[in-house]
Each structure stands twice: as C-alpha cells, then as structure tokens.
Amino acid sequence: TVEDSSGNSKIFSKNIELRMKRRGGSEFFAEASIGLINNQLDKGSSFVIVVKNINDRKNFEYNLKLAKNKAEEADKLKTAFLSNMSHEIRTPMNAIVGFSELLAGAGEDEALKHDFIGQINQGADTLMRLIEDIIDISKIEAGEITIYKTEFNLGPILNDIHKLFLNSAIRLGKKQLIIEEMNNGIDSSISLETDE
C-alpha cells in the first residue's frame, strides 16, 4: 500500500499474465497490473488497470526454453557418444597390447606369430576407422565437412564392401559366415553422382 501526496491510499495487486483478444480477433500475451485507489475525501474507491503487450518477451522466453532443451539434449548425446567411443577404442587397444605381449613370448612358432600379427593388424585397422569416424563427426558438428561430388559406378563400390566384410570374417576366424552381396535387382553398373 502506498499513499500519494493527496493522502489517497493505493493498493496494487501483483502482475497477472493472460491472453487477450483484440477487436479484430487476434490474440496477444498481456501483463495486467490492477490497482485499487481509495479516495479519502469522498470515501469512494476506483480501479486502475494497466495492460502491457508482452508478446515479444513471451516469444523470447519460448525460444530460450527451446534452445536450453536442445543444448541439454545435445549434451546428453555427446556424453553418450564419448562413453561409447571410450569403450569402442578400448576394445582394439586391448587386442593390440594383448597380442603384442603374446607375440613377444611366441618363440619360434611361425604360425602362432602370424596369427598374433593378424590380430594386431586387425585391431590397428579398427582403431584407425574409429579415429577417422570421430574426426568426421567433429567436422560435421563444426560445419567443416567437405563433400566431393563425382560420378562413379556403383558396382565396384558394392564389390569392395563385400570384400571388406569377407576379409574381416577371415581375420576374425569366422570362415563359417556366409556373406552375400544382394542388390535386389538393381543394376550394379548404375552410375551415381555424389561423394563416393
């Protein structure tokens, strides 16, 4: 409660946020302040209502909330990604270190040495691919990934991928796996223009 210079007592309520409608039917967010004025001279009372358009503020608050939620989601995804990458990197690193130690104690057994070297090479290949993926993801996030569009034949790409999986299966000692290239009737001589 405040008193002005005439001795009038004023009681103001808290600001109230509400949606209001204009004569034309359009709506807007408003902040209303309601004041009760008690006139000491004639013992009468009157209200003063001040309405302020707060559309810009409400839009800013909404966009701020969206940005906050987006940042929190991105932070969760990044944490999950780093946790997963930590595990993925540790697996080939353990293979490299473990088989290097076994190789040192293999003695004269050439077949065993060859097997251990194959396991070390496989771990190194996996690690290199992971590092390349991490670098690519960082470039995508930073908007620095470069796309090199060229025209190329799809057939050799499919063959290369098929051979890659076959070689991985052999290196892992899983020769019983059947890996087939299935193109569902797509002509493998088709040409594409994109980043190979």
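Provided above is the structure to which this section pertains.
Draft legend 1. Molecular detail of the packing of aromatic side chains. What the rule picks out here adds up to 1 aromatic pair. Between the NZ or CZ atom of Arg19 and the centre of the ring of Phe29, over which it lies, the distance is 4.5 Å. Between the NZ or CZ atom of Lys58 and the centre of the ring of Phe29, over which it lies, the distance is 5.5 Å.

Draft legend 2. Quick look at the pattern of salt bridges. As enumerated under the stated definition, the model contains 8 salt bridges in all. Two residues, Glu17 and Arg57, come together in a salt bridge whose shortest N-O distance is 2.5 Å. Here the residue Glu17 occupies a position in strand β3 (residues 16-21), and Arg57 occupies one in helix α1 (residues 55-104), the gap between them amounting to 40 residues. The partner of Glu110 in a salt bridge is Lys113, with the nearest N and O atoms 3.9 Å apart. Of the two residues, Glu110 and Lys113 both sit in helix α2 (residues 110-142), 3 residues apart, roughly one turn of that helix. A residue is classified by how much of its surface remains accessible, and Glu110, at 53% relative accessible area, is exposed.

Draft legend 3. Spotlight on helix α3 (residues 154-171). Between its first and last C-alpha atoms α3 spans 26 Å; for 18 residues at 1.5 Å apiece the expected length is 26 Å, and the two agree. Those residues of α3 not exposed but buried are Leu154, Gly155, Ile157 and Ala169. Buried residues along α3 sit in contact with β6 (149-153) and β7 (191-195). The N-cap residue of α3 is Asn153: its side-chain oxygen and the backbone nitrogen of Gly155 are 2.8 Å apart.

Draft legend 4. Representation of α1. With 50 residues, α1 extends 73 Å from end C-alpha to end C-alpha; this agrees with the ideal 74 Å at 1.5 Å per step. When α1 is considered as a whole, its buried residues turn out to be Met85, Pro92 and Ile96. Lining the buried residues of α1 we find α2.

What counts as what
- Every chain's residues receive numbers from 1 upward, in the order its sequence appears when written.
- Note on the predicted model: pLDDT of at least 70 is required for a residue's local features to be given, and 80 or more for side-chain atom pairs to be given and counted; whole-chain, interface and lining totals, by contrast, use all residues.
- Remark: hydrogens and water are excluded; side-chain values derive from all non-hydrogen atoms of the structure.
- The criterion for an aromatic pair is that two Phe, Tyr or Trp rings (for Trp, the six-membered ring) have centres within 6.5 Å, with stacked assigned to planes under 30 degrees apart, edge-to-face to planes over 60 apart and tilted to the rest.
- Each ring is checked for a lysine NZ or an arginine CZ that lies within 6 Å of its centre and within 35 degrees of its normal; such an atom marks a charge sitting over the ring.
- Only one rule defines a salt bridge in this text: a Lys or Arg side-chain nitrogen within 4 Å of an Asp or Glu carboxyl oxygen.
- Numbered from the N terminus, helices here are DSSP runs of H or I no shorter than four residues, and strands are runs of E no shorter than two.
- Each residue is assigned to one of three classes by its accessible area relative to the maximum for its type, calculated with a 1.4 Å probe on protein chains only: buried under 20%, partly exposed between the two thresholds, exposed over 50%.
- Helices are assigned an expected span. That span is 1.5 Å times one less than the residue count.
- The contact definition used throughout considers only heavy atoms, calling two residues in contact when any of these lie within 4.5 Å.
- Distance and chemistry together define a polar contact, namely a pair of N or O atoms within 3.5 Å, with one atom able to donate a hydrogen and the other to accept it when in protein, and with adjacent residues in sequence counting only for side-chain atoms on both sides.

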